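# Descriptive analysis of the structure
Residues per chain are reported as follows:
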Amino acid sequence: MKKMLLGVTLSCVAGAALANDYDDRWMLTPSLIFNATDGAKNIESDFGFGLALGKFINEKWSLDLELDHASFDVDGLTGGSVDQTGLGLMTRYHFNSGESLRPFLGFGAGYLDHNGSGAARAVDSSDLMLNLSAGLRKSINDRVGFISEVKYRLDTDDYTSTSNSYDDYLFSMGLNIA
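This report concerns the structure included in the present document. Just so we're clear, the structure is a prediction, and the values are computed from it rather than from any experiment.

### Details of the side chain of T37
As for its placement among the helices and strands, T37 is situated in the loop between β1 (27–36) and β2 (46–56). Given the relative accessible area of 13%, T37 is considered buried. Within the local environment of T37, its side chain forms a polar contact with the backbone oxygen of I43, the two atoms lying 3.2 Å apart. Once residues within four sequence positions are removed from consideration, T37 is found in contact with I43, E44, S45, F72, D167 and D168.

Shown next, in the form of structure tokens:
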């Protein structure tokens, strides 16, 4: 009886270990982002930075909490700039399980904050953002990899009074550290 109980216990432990064939460690991802902003925003496209914390929740899906920030000069205003900070949740579906190069598609939502300074100090708004993305994840070794992504961002703000929403594109390159 004891041998049978031990055998059942070992089978359950082995089954649980085999069920987790994906890397479920937490990943930190700093990134450099080029923000191509909607022309109706009247701000110049520029570089920013991002930081994400996430993990794979199974072998195909990952979930990331992302923070990004950029500062933009305002078109036609000398000394005016707008800081934009985004905080959101992204989920990505990865193809090619077990391979070092994994294309993915992603979607997410979050909060986007705009704060003007100088001649643009009247800009002060917060709104919802929706994201769709496509990209590649490349593993270098067991702990480090690269991620490159093109992201469409729907900015549901109307702070310039020229539109109810804006279509921004973000091009990012980052380093995954597990």
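So, next bit.
### Some details on the nonpolar core
Membership of the largest hydrophobic core is limited to seven residues, which are I43, A70, F72, V74, V82, A120 and V123. Residues within four places of F72 in sequence aside, it is in contact with N35, T37, I43, E44, S45, D46, G80, S81, V82 and Q84.

### Focus on the environment of R25
Mapping R25 onto the fold places it in the loop between α1 (2–19) and β1. A relative accessible area of 23% means that R25 is categorised as partly exposed. Sequence separation of R25 and I57 is 32 residues, and the distance between their C-alpha atoms is 9.6 Å. Apart from the residues within four sequence positions on either side, R25 is in contact with G54, K55, D142, R143 and A178. Of note is the side chain of R25, whose polar atom sits 2.7 Å from the side chain of D23.

### Considerations on the packing of aromatic side chains
Here the distance between the centres and the angle between the planes together describe a pair of aromatic rings. Evaluated as defined, the whole model comprises five aromatic pairs. With 6.4 Å between their ring centres and 80° between their planes, W61 and F107 make a pair best called edge-to-face. One end of the pair, W61, is in strand β3 (residues 61–73); the other, F107, is in strand β5 (residues 101–118), with 46 residues separating them in the sequence. Taking the relative accessible area as the measure of exposure, W61 reaches 29% and is therefore partly exposed. Taking the relative accessible area as the measure of exposure, F107 reaches 46% and is therefore partly exposed. Ring geometry for Y152 and Y169: centres 5.5 Å apart, planes at 55°, overall tilted. One end of the pair, Y152, is in strand β7 (residues 144–155); the other, Y169, is in strand β8 (residues 166–177), and 17 residues separate them in sequence. The partly exposed category is assigned to Y169, whose relative accessible area is 40%. Its end group placed over the ring of F104, R137 keeps NZ or CZ at 5.9 Å from the ring centre.

Definitions and limits used
The residue count restarts for each chain, going from 1 along the sequence in the order it is written. Predicted model: local features are reported for residues with pLDDT of at least 70 only, side-chain atom pairs are reported and counted for 80 or more only, and whole-chain, interface and lining totals are derived from all residues. Side-chain measures were taken over the full set of non-hydrogen atoms in the model, leaving aside hydrogen atoms and water. Helix and strand assignments follow DSSP, with helices taken as H or I runs no shorter than four residues and strands as E runs no shorter than two, numbered in order from the N terminus. Accessible area is worked out with a 1.4 Å probe on protein chains only. A residue is then buried under 20% of its type maximum, exposed over 50%, and partly exposed in between. Polar contact is defined as a pair of N or O atoms within 3.5 Å, subject to the rule that within protein one atom must be able to donate a hydrogen and the other to accept it, and that residues adjacent in sequence are counted only when both atoms are side-chain atoms. Two residues form a contact once any of their heavy atoms are found within 4.5 Å. Here, nonpolar core refers to any group of buried Ala, Val, Leu, Ile, Met, Phe, Trp, Tyr and Cys residues whose side-chain atoms link them within 4.5 Å. Pairing of aromatic rings covers Phe, Tyr and the six-membered ring of Trp, with a centre-to-centre limit of 6.5 Å; geometry is then stacked below 30 degrees between planes, edge-to-face above 60, and tilted otherwise. Sitting over a ring, as applied to charges here, requires NZ of Lys or CZ of Arg to be within 6 Å of the ring centre and within 35 degrees of the ring normal.

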